[in-house]
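Okay, here's what each chain looks like letter by letter:
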Amino acid sequence: MENYKIILFLCNWGPHAAYQGLQDNGYQIPSEIKMVSIPCTGRISKAILFKAFEMGADGVAIVGCCSGACRYGSGTDTAENNTIDTRSILELLGMGQERMRLATFLPDESTALKDFLADFCQQIKMLGKSPVSPVQPTSQDMPPETVQQVLTRHDAYSCQDCGKCTASCPLALSGKSYSPRTLVNSIIQGNGNREQIYKDLQACLTCGICFERCPSDVNFPEFVRDMRGVLFQADGMESGRQPHGGFFQSLMRTMTSPALKTSRWDWLPDDIRLDDQSPILFFGGCAPYFDVFFRRHQKVQTRDIIADSLRLLNFFDVQPRLLPSERCCGHDLLWSGDRVNFMRLAKLNVEMIQDLGVKTVITACPECYQTLSTQYVLQGLSPAFTVTHLYDFLEKEIDKGAVNFKQLDRKITYQDACRLNRMENVRELPRKLVRRLSVKNFSEMKDAGQSALCCGNCAWTGCDAHSKALQVKRIRQAKETGSDLMVTSCPKCQIHLRCAMEDPFLGEELKMEMVDLTTLIAKTIYYD
């Protein structure tokens, strides 16, 4: 007999009285249900709702007050929006949105609550057990690393304490009391404030500018990444310290379950031509999940990048195949310290891609590109396929001639993606493509290329007033060029910069239209 787990988030007000009435009358609450008492359904974020599924729940019910009866005013509406979004995420994951339901009850509606609980339990049993199988990391997965091993591997002892890293660090320049060399020295000495070290490791953007400026060639971003891994294995990384409650790390850990069969391609437009026997595979990335998560405030449309990438491949007579159950590449797990689950995800991806007989993987996402092409190998995997960034493919095809671009009456500037710009040293390629466009003007920002500023966040690790100040600075630099359109090459750049544009005090000053380079090319390219 299957042992089902159903989490019931129950509001302390009206519905709790109805629940108590059931118990007072001798009703036996189904054994599958584990009740969690909460102050208001509006307090239960998407991250908390989804965390239940990551931890193995087969179903989640959130039960609150009827509309208009919420003691906090907007709790019911907030819960409804969070439920809709979480159900959409479950649908993309192939788990089925029916595994989650929201219901509202008045204090005297015990019978209706009883019927709801019985019906939901029956529905979950009909759906069957969740395909998510949470596994606790053990030392057999990956032997714990020591601080000494990380210090030695990255030759951190060679730090000359010259200060070039701090003098070029975007966070330090934004006013944050933060110094890469101080962090390294505190760890080496072993007598630093553990809490402060933890905060500084989380704050680092891993943008790589300090590594480029370091005369001792200390790869500080990778040092930070591996130190995060040491802390993660030692005592975990509390989701409360991660932006958005750790939702995206939770999402990626969920994808390590082999039984999960995602449905993340159902939204694709009808004009896309695919070939399920092609030796070329397009790897889309997490944009569809971003669009769902942020659609209520930032109104991002990053999945358009995926559709336009496929249109461009079709334009050049390439009909790629897609990974039927594509998962995340694992970038954010690796860079936030969860290397054990990163490796589980990476091994699944490599196995699935190689089982298809794919020879070439093309992706438009800088983080997917850097992870699939470089990190998989560095972390000990041996993929039997090559990885190409879409820009490289486009430049080679466009360079053959016979194509042109429609005139665009816009002044544009370009925002570098850190993973392309520094980690892969793909600095000029997007600029070559930008210069091929027929636009009114292309102007570089004050800090561009080697000195380009990060968008303010990476791997959903650190986000505070200083990273927001960095975003504001970057948008102002874009506006100072006289441009009316910022061209980006990473979906996260759009998300983070749009976030700054929603500032209640500076919002109007910072408003600026953004478009991904892939989309701009797709909408203007044509055959001569």
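Think of each chain on its own: its residues are numbered from 1, step by step along the sequence as written. Note on the predicted model: pLDDT of at least 70 is required for a residue's local features to be given, and 80 or more for side-chain atom pairs to be given and counted; whole-chain, interface and lining totals, by contrast, use all residues. To obtain the side-chain values, all non-hydrogen atoms of the structure were included, while hydrogens and water were left out.

Engineer: Lay out the packing of aromatic side chains with the relevant residues and their values.
Structural biologist: For Phe, Tyr and Trp, where Trp contributes only its six-membered ring, two rings pair if their centres lie within 6.5 Å, and the inter-plane angle classes them as stacked under 30 degrees, edge-to-face over 60, or tilted in between. Scanning all chains against the criterion turns up 17 aromatic pairs. Between F315 and Y527, the ring centres sit 4.3 Å apart and the planes meet at 10 degrees, which makes this aromatic pair stacked. Residue F315 is found in helix α14 (residues 303-315), and its partner Y527 is found in strand β14 (residues 525-527); the two are separated by 212 residues along the sequence. In this structure an aromatic cluster arises from ring pairing among F50, F247, F248, F290, F293, F294 and W460. As a reminder, the over-ring test applies to NZ of lysine and CZ of arginine, requiring each to be within 6 Å of the ring centre and within 35 degrees of the ring normal. One Lys or Arg, R43, reaches over the ring of Y72 and ends 4.6 Å from the middle of that ring. Seen from the ring of W265, R264 lies directly overhead, with NZ or CZ sitting 4.3 Å from the centre. Under the scheme used here, helices are H or I runs from DSSP no shorter than 4 residues and strands are E runs no shorter than 2 residues, and both carry numbers assigned from the N terminus.

Engineer: Explain the domain arrangement of the chain residue by residue, including any values.
Structural biologist: Domain limits in this description derive from either an automatic procedure or a database domain assignment. What the domain assignment reports for the chain is domain 1 (6-127), domain 2 (147-236), domain 3 (255-261 + 268-396) and domain 4 (401-527). Put simply, the middle of domain 1 and the middle of domain 2, counted by C-alpha atoms, are 43 Å apart.

Engineer: Could you give an account of the pairing of strand β3 (residues 59-64), naming the residues involved and the relevant values?
Structural biologist: Burial of β3 is extensive: 6 of the 6 residues sit out of reach of the surface. Along β3, one buried face is formed by G59, A61 and V63 and the opposite face, lined by V60, I62 and G64, is buried too. Pairing between two strands is assigned when DSSP locates at least 2 bridges connecting them. One ladder, built from 5 bridges, connects strand β1 (residues 6-11) with β3; its direction is parallel. Across the sheet, residue I6 finds its bridge partner in β3, namely G59. Clockwise travel from the first strand over the helix to the second, with the strands pointing away from the viewer, marks a crossover as right-handed. In this view, the connection linking β3 to its parallel neighbour strand β4 (residues 100-104) by way of helix α3 (residues 75-92) has right-handed handedness. We call a residue buried when its accessible area falls under 20% of the maximum for its residue type, exposed when it is over 50%, and partly exposed in between, using a 1.4 Å probe and counting protein chains only.

Engineer: So what's going on with unusual backbone geometry? Residues and values would help.
Structural biologist: In the Ramachandran plot, D155 falls in the positive-phi region, its phi being about 50 degrees despite a non-glycine side chain. Among the secondary structure elements, D155 is positioned in the loop between α5 (147-153) and α6 (164-168). Its identity is not glycine, yet W460 carries a phi of approximately 50 degrees, on the positive side. Within the element layout of this structure, W460 appears in the loop between β11 (439-442) and α21 (465-480). A residue is classified by how much of its surface remains accessible, and W460, at 1% relative accessible area, is buried.

Engineer: Got a sec to walk through the packing of helix α8 (residues 180-189) against helix α11 (residues 220-235)? Specific residues and values, please.
Structural biologist: Each axis is a line fitted through C-alpha atoms, and for a helix only the stretch in contact is used; angles between axes span 0 to 180 degrees, taken between their N-to-C directions. The geometry of α8 relative to α11 is characterised by a closest axis approach of 12 Å and an angle of 45 degrees between their N-to-C directions. Here α8 is positioned oblique relative to α11, judged by the angle of their axes. Once α8 is placed against α11, the crossing between them reads as left-handed. Touching P180, L183, V184 and I187 of α8 are F220, F223 and M227, all from α11. Angles are sorted into four bins: roughly parallel if under 35 degrees, roughly antiparallel if over 145, roughly perpendicular if 65 to 115, and oblique for all others. By definition, turning the near helix anticlockwise from the far helix through less than a right angle yields a left-handed crossing, and turning it clockwise yields a right-handed one. Any two residues whose heavy atoms approach within 4.5 Å are treated as being in contact.

Engineer: If you had to explain the state of the cysteines to someone new, which residues and values would you point to?
Structural biologist: Any pair of cysteine sulfurs within 2.5 Å is marked as a disulfide. Evaluation of the coordinates by the stated rule reveals 0 disulfides. Cysteine C454 is unpaired, with the sulfur of C418 as its nearest cysteine sulfur at 3.9 Å.

Engineer: Residue-level account of the side chain of K46, with values.
Structural biologist: Within the secondary structure, K46 sits in helix α2 (residues 46-54). Discounting residues that sit within four places of it in the chain, K46 has contacts with N82, D85, T86, F247 and F293.

Engineer: Requested: an account of the sheet that holds strand β10 (residues 408-414), with residues and values cited.
Structural biologist: Pairing is parallel in the open sheet, where 4 strands are placed in the order β11-β10-β12-β13. Looking at the sheet topology across the chains shown, the edges are occupied by β11 and β13 (513-516). Averaged over all neighbouring strand pairs, the angle between strand axes comes to 35 degrees, with direction disregarded. Note that strand β12 (residues 485-488) and β13 share 4 bridges and pair parallel. Paired with V487 across the two strands is V515, which belongs to β13.

Engineer: Can you lay out the sheet that holds β1 for me, pointing to particular residues and giving the numbers?
Structural biologist: Adjacent strands of a sheet form backbone hydrogen bonds with each other and so pair up, either parallel or antiparallel. With parallel pairing, the 4 strands of this open sheet are ordered in space as β2-β1-β3-β4. Of all strands in the sheet, those with a lone pairing partner are β2 (33-38) and β4, marking the two edges. Across the sheet, the mean angle from the axis of one strand to that of its neighbour is 20 degrees, orientation sign disregarded. Bridge count for β1 against β2 is 6 bridges, and the pairing is parallel. By the bridge assignment, F9 is partnered in β2 with V36. Across the sheet, helix α1 (residues 14-24) touches β1, β2 and β3, and the angle it forms with β1 is around 120 degrees. In the packing of helix α4 (residues 110-127) onto the sheet, contacts are made with β1, β2, β3 and β4, and the angle to β3 comes to roughly 165 degrees.

Engineer: Account for helix α17 (residues 366-378), with residues named and values stated.
Structural biologist: To estimate how far a helix should reach, multiply one less than its number of residues by 1.5 Å. With 13 residues, α17 extends 17 Å between its outermost C-alpha atoms, agreeing within 8% with the 18 Å of an ideal straight helix rising 1.5 Å per residue. For α17, the principal kink sits at L372 and spans about 35 degrees. If you check which residues of α17 are buried, you get P366, E367, C368, Y369, Q370, T371, L372, Q375 and Y376. Taken from the residues just after α17, G380 is the one with a positive phi, measuring 100 degrees. Each residue is assigned a bend, namely the angle between axes fitted to the seven residues that terminate at it and the seven residues that start at it.

Engineer: Before we move on, could you go through the environment of G56 and cite the residues and values that matter?
Structural biologist: Inspection of the secondary structure puts G56 in the loop between α2 and β3. Residues contacting G56, with those up to four places away along its chain left out, are K5 and P134.

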